[in-house]
Amino acid sequence: MPAEVKICGLSTPETLEAAIAAGADFVGLMFFAKSPRNLSLAAARDLASIARGRARIVTVTVDADDALIAAIAAEVKPDLVQCHGAEPPERLAWIRATHGLAAYKVLKVREEAHVARAQAYTGVSPFVMFDALPPEGAVLPGGNGLAFDWIILEHAPRPFMLAGGLTADTVAEAIRITAAA
């Protein structure tokens, strides 16, 4: 299966256009107040209108309440909702049943035991994204630029998405390791 690319935290038409021009398959729009890339509904709606039909639109949420999910569904109309907090499988199922939006889970990992939690999302999440477990006391639950030992994904359910510390220098190695795992 070929690798697909998600560029996250886009906040201006210029960065969105650059991501799409560079071949992004997914574009991520942040809805987390503590993130410096957090967007208003109006700004996300405008960016989504630029991306629609050119890349899949992902809204990144962290334990979003019902009102925010409803507003995102109505205003932004994303292709996917990324659940980056403590959302249980039932929350992802509720998002799909209530708003018709596919939602996928992000699991923060450092060891194989963390990866095993992905089984609970099988059949609810179209895939799981694995991101590096943030350091103790981190403000952001992800997007910290940290990598993890990708070999721990050997028994992860497929398909999955990989995040965390990926750079132009490391992404080819990450793909090689996870494809072989």
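The structure under discussion appears in the preceding block.
As a starting point, this report considers the structure included with it.

Parameters and conventions
Residues numbered from 1 in each chain as written. Predicted model: local features only at pLDDT ≥ 70, side-chain atom pairs only at ≥ 80, totals over all residues. Heavy atoms only, no water. Helix = DSSP H or I, 4+ residues; strand = E, 2+ residues; numbered from the N terminus. Buried < 20%, exposed > 50% of the residue type's maximum accessible area, 1.4 Å probe, protein only. Contact = heavy atoms within 4.5 Å. Areas by Shrake-Rupley, 256 points an atom, 1.4 Å probe, with all protein chains shown as cover. Pairing = 2+ DSSP bridges. Axes fitted to C-alpha atoms, helices over the stretch in contact; angles between N-to-C directions. Patch = residues over 30% accessible without salt bridge, like charges linked within 9 Å, V, L, I, M, F, W, Y side chains within 5 Å. Salt bridge = Lys/Arg side-chain N within 4 Å of Asp/Glu carboxyl O. Lys, Arg positive; Asp, Glu negative; His and termini not counted. Charge placed at Lys NZ, Arg CZ, Asp CG, Glu CD.

### Notes on the overall build of the chain
- Across its full length, the chain holds 6 helices and 7 strands.
- With respect to the three principal axes, the spread of C-alpha positions in the chain is 40 × 35 × 35 Å.
- Looking at the 181 residues of the chain, the share that counts as buried comes to 46%.
- Counted over contacts in the chain with a minimum sequence separation of 6, partners at least 24 positions apart contribute 50%.
- Counting every atom, the chain has about 8900 Å² of accessible surface; 57% of that belongs to carbon and sulfur.

### Digging into the sheet that holds strand 4 (residues 80-83)
- On the basis of which strands lie adjacent, the open sheet formed by 7 strands has the order 1-2-3-4-5-6-7 and parallel pairing. The sheet is open, and its two borders are formed by strand 1 (6-7) and strand 7 (160-162), each paired with just one other strand.
- Examined bridge by bridge, strand 1 and strand 2 (residues 26-31) share 2 bridges and lie parallel to one another. By the bridge assignment for strand 2, Lys6 is matched with Phe26.
- Helix-sheet contacts for helix 2 (residues 41-51) involve strand 2 and strand 3 (56-61), and the interaxial angle to strand 2 is about 175 degrees.

### Section: a negative patch on the surface
- Taken together, the side chains of Glu111, Glu112, Asp149 and Glu154 define an acidic patch exposed on the protein surface.
- Position of Asp149 among the secondary structure elements: in the loop between strand 6 (128-132) and strand 7.

### Here's the deal with unusual backbone geometry
- The omega torsion of the bond from Arg158 to Pro159 falls at -5 degrees, within 30 degrees of zero and hence cis.
- By secondary structure assignment, the location of Pro159 is in the loop between strand 6 and strand 7.
- Residue Asp63 is not a glycine yet carries a positive backbone phi of 50 degrees.
- Its place among the elements puts Asp63 in the loop between strand 3 and helix 3 (66-76).
- Not every positive phi belongs to a glycine, and Lys77 is a case in point at roughly 55 degrees.
- As for its position among the elements, Lys77 is in the loop between helix 3 and strand 4.

### Quick notes on a nonpolar patch on the surface
- On the surface, a cluster of nonpolar side chains totalling about 210 Å² of accessible area is made up of Leu166, Val171 and Ile175.
- As for its placement among the helices and strands, Val171 is situated in helix 6 (residues 171-180).
- For Val171, a relative accessible area of 34% translates into the label partly exposed.

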